[in-house]
Amino acid sequence: MATSGSSHGPSTDQPPPSLPNSGSAAGVCIMSNAWKDEQDPSLISFISAFLGSNSFRLNFVSISPDLIFNCGGVSIAFVFVTKWDDCCNVGSIFNRVKRLKAQFARLYVVATLSTKEQDDSFMRSYFHFSIRYEMEFGKPAFVLVTDPEMGFEKIVKISTSRGMCKQQKVASKVKVERKRAVQDTDTFIRVLTSIPNINKHDANSLYLAIGSIEAAAKTSKEDILANTDLSSDKADSLSRDSLKVQKVSILFSKLLEFVEMGSSVEQNILVTGGAGFIGTHTVVQLLKEGFKVSIIDNLDNSVIEAVDRVRELVGPDLSNKLEFNLGDLRNKGDIEKLFSKQRFDAVIHFAGLKAVGESVGNPRRYFDNNLVGTINLYEAMAKYHCKMMVFSSSATVYGQPEKIPCVEDFELKAMNPYGRTKLFLEEIARDIHAAEPEWRIVLLRYFNPVGAHESGRIGEDPKGIPNNLMPYIQQVAVGRLPELNVYGHDYPTEDGSAVRDYIHVMDLADGHIAALRKLFADPKIGCTAYNLGTGRGTSVLEMVAAFEKASGKKIPIKLCPRRAGDATAVYASTERAEKELGWKAKYGVDEMCRDQWNWANNNPWGYQKKL
């Protein structure tokens, strides 16, 4: 049965977050009196306020499940375990679930696993008790969360998305059932072919004869031989690996539940600095991938026109899922206002200053913007139980590496104030995770983002004199600046100019999507760094030549002394990102310069009209 509630519920004077996209739909929540009495009062207060803000009626009744929801159609029952512990009677939970499963066609089990130990305990218990209590694959679905408040919001989302309609057209119902049947068949085949010597033909034969992964795990060698055309050796393989079949089945069950939830419930992502160069391109990709997005930006080095063009690119339907908030992370009131009105599933944190040269001349400005703002953001995230972040770090944390390519476990020794702010923030992230292991943080170490969206509608438009190479080149190409200053022409490189790893901004945006999905899918990600680059070094003069080729313009250059804090050559090893995120850069230097010129040629004065 459900155990005692969390002791860290939100204070009752905080307004509850509203359910995204709940619209005007109302419903009723029936809560078990016995379950209510076992919970922390702060959790019950949160639930009552949350339901009230989303037009749900709450009734307390003596019922068998912990909660029953009805949103005008099918009733959905829930077992809600608010604290999972090896010390509690885990067997009684599964026995209770077995009984309720026979009574309710739609039953979900929501379990709060806030620590690695609880996650391990759940996995052990599931493997042990699911067979004893005859749990079918994915029936009921187990929904795993990190805190009770998140768990209850998941319950409301499931109820709204699964039980709204009283009737379905026959054709629509058949289509849904057919799709589910195909998914089940595909899952069965994928699980069974993970066993040595079992191919797709064998898996199909087993599916026709047996019909479920659980049955396959329990079927004897004799039954396999009697009902399929599998050889004796293959039947032996399947029998030997029955435990593996069970383990793989639970992993697929969790994955399918995640995918199913993702298809009907939008995840809400906060993007700080989302009006900037990398931010806008990432927001476009987030919206196209089905996420709901809120931007917070102080427009210090960006303009609202960039956000308007994002809306134009994605179209009116997706644009409705984008919200812009003018605010500064250094102002705690701005962050509090944002987090108090809605719940975020994760944060992508771009906001901050980024010019190496400026940071050397004015380090205090960088410490104020980059460090103070991020610390305030962490405080708000912790307060509102949002503990997933993709952090915009930088290759500058490597300083002048002793060898290249840079690997994530290299010694970190930033050479300038900007790089040190990124390094300090990485250390802060590692310290937060060490103290509170439920945090999941991905540190993305960018190399040198360039290029623009292929449409030419959004791109890099820095205010004042550009600090980065490519926007400087493009302003020379369109006549806004007379010549390009090349800082350093006596480096020990092939042509004397510094070597960097340039990466197309759209590749970078896709890298953020991959990192975000990793956060949601892997509860043991911890705090992990990934390089985002191409793995190839290109000199400054080589980039100038490539841009000249793409644009047909001659770029006048002026050779200048090296800048303080600049390294000779830095490029990435991308092996970890490719292996763990499933991400790899697709674009080369020619495509980068092509899209950069397309942006510059169509927007010679950036987002602003020439005065």
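Residues numbered from 1 in each chain as written. Predicted model: local features only at pLDDT ≥ 70, side-chain atom pairs only at ≥ 80, totals over all residues. Heavy atoms only, no water.

Draft legend 1. Geometry of the pattern of salt bridges. Per the counting criterion, the structure on display carries 26 salt bridges. The partner of Asp66 in a salt bridge is Arg96, with the nearest N and O atoms 2.7 Å apart. Separated by 30 residues along the polypeptide, Asp66 in the loop between strand S2 (56-61) and strand S3 (67-70) and Arg96 in helix H3 (residues 90-103) bring together distant segments of the chain. Comparing Asp66 with Arg96 shows no difference in burial state: the two are buried. The partner of Arg430 in a salt bridge is Glu426, with the nearest N and O atoms 3.2 Å apart. Linking Arg430 with Glu426, this pair stays in helix H17 (residues 417-435), spanning four residues, or about one helical turn. (Salt bridge = Lys/Arg side-chain N within 4 Å of Asp/Glu carboxyl O. Helix = DSSP H or I, 4+ residues; strand = E, 2+ residues; numbered from the N terminus. Buried < 20%, exposed > 50% of the residue type's maximum accessible area, 1.4 Å probe, protein only.)

Draft legend 2. The arrangement of the packing of aromatic side chains in detail. Within the structure shown, the criterion is met by 16 aromatic pairs. When the centroid spacing of 6.0 Å and the interplanar angle of 90° are considered together, the rings of Phe547 and Trp597 count as edge-to-face. Of this pair, Phe547 sits in helix H20 (residues 540-551) while Trp597 sits in helix H22 (residues 589-602), and the two are 50 residues apart along the sequence. Judged by its relative accessible area of 0%, Phe547 falls in the buried class. For Trp597, a relative accessible area of 12% gives the class buried. Counting every residue linked through ring pairs, the aromatic cluster contains Phe46, Phe50, Phe56, Phe69, Phe78, Tyr108 and Phe152. Its end group placed over the ring of Phe60, Lys36 keeps NZ or CZ at 4.4 Å from the ring centre. (Phe/Tyr/Trp six-rings, centres within 6.5 Å; stacked < 30°, edge-to-face > 60°. Lys NZ or Arg CZ within 6 Å of the ring centre and 35° of its normal.)

Draft legend 3. Region of the structure containing the pairing of strand S17 (residues 527-532). Within S17, six of the six residues are buried, which leaves the element mostly enclosed by the surrounding structure. Every second residue of S17 is oriented toward a common face, with Cys527, Ala529 and Asn531 on one face and Thr528, Tyr530 and Leu532 on the other, all of them buried. Alignment of strand S12 (residues 440-446) against S17, held across six bridges, turns out to be parallel. The residue of S17 that forms the bridge with Val442 is Thr528. (Pairing = 2+ DSSP bridges.)

Draft legend 4. Expanded view of the packing of helix H12 (residues 277-288) against helix H13 (residues 304-319). Contact pair H12 / H13: the axes reach a minimum separation of 10 Å and the direction vectors enclose 10°. By the angle class used here, H12 and H13 are roughly parallel. Along its contact with H12, which presents Thr280, Val283, Val284, Leu287 and Lys288, the element H13 presents Ala306, Val310, Leu313, Val314 and Leu318. The class makeup of the residues in the contact of H12 with H13 is eight nonpolar, one polar and one charged. (Axes fitted to C-alpha atoms, helices over the stretch in contact; angles between N-to-C directions. Parallel < 35°, antiparallel > 145°, perpendicular 65-115°, else oblique. Contact = heavy atoms within 4.5 Å. Nonpolar A, V, L, I, M, F, W, Y, C, P; charged D, E, K, R; others polar.)

Draft legend 5. Examining the sheet that holds S3 more closely. The six strands lie next to each other as S2-S1-S3-S4-S5-S6, forming an open sheet whose pairing is mixed. Strand pairing shows two members of the sheet lacking a second neighbour, S2 and strand S6 (141-145), which therefore form its edges. The sheet shows a mean angle of 25° between the axes of neighbouring strands, direction not considered. Contacts from helix H2 (residues 41-53) reach strand S1 (27-32), S2 and S3 within the one sheet, and its direction differs from that of S2 by about 140°.

Draft legend 6. Just the environment of Gln596, in detail. Residue placement: Gln596 occurs in helix H22. Taking C-alpha positions, Gln596 is 9.2 Å from Ser551, a pair spaced 45 residues apart along the chain. When sequence neighbours within four positions are dropped, the list of residues in contact with Gln596 reads Val450, Gly451, Ala452, Met470, Pro471, Gln474 and Phe547. Side-chain polar atoms of Gln596 contact the backbone nitrogen of Gly451, separated by 2.7 Å. (Polar contact = N/O pair within 3.5 Å; in protein donor to acceptor, adjacent residues only side chain to side chain.)

Draft legend 7. Main features of H20. For H20, with twelve residues, the first-to-last C-alpha span of 17 Å sits near the 16 Å given by 1.5 Å per residue. Looking at the buried positions of H20, the neighbouring elements they touch are helix H18 (469-477), strand S14 (484-487), strand S16 (502-504), strand S18 (538-539), strand S19 (557-560) and H22. Gly552 lies just past H20 and shows a positive phi near 75°. (Expected span 1.5 Å × (residues − 1).)

Draft legend 8. Up close: the packing of helix H14 (residues 332-341) against helix H16 (residues 363-383). With their axes 10 Å apart at the nearest point, H14 and H16 run at an angle of 30° to one another. Viewed along their axes, H14 and H16 adopt a mutual orientation that is roughly parallel. Crossing geometry of H14 relative to H16 is assigned as right-handed. Only Asn376, Leu377, Ala380, Met381 and Lys383 of H16 make contact with H14, whose side of the interface consists of Lys332, Ile335, Glu336 and Phe339. Of the residues that constitute the contact of H14 with H16, the class distribution is five nonpolar, one polar and three charged. (Left-handed = near helix turned anticlockwise from the far one by under 90°.)

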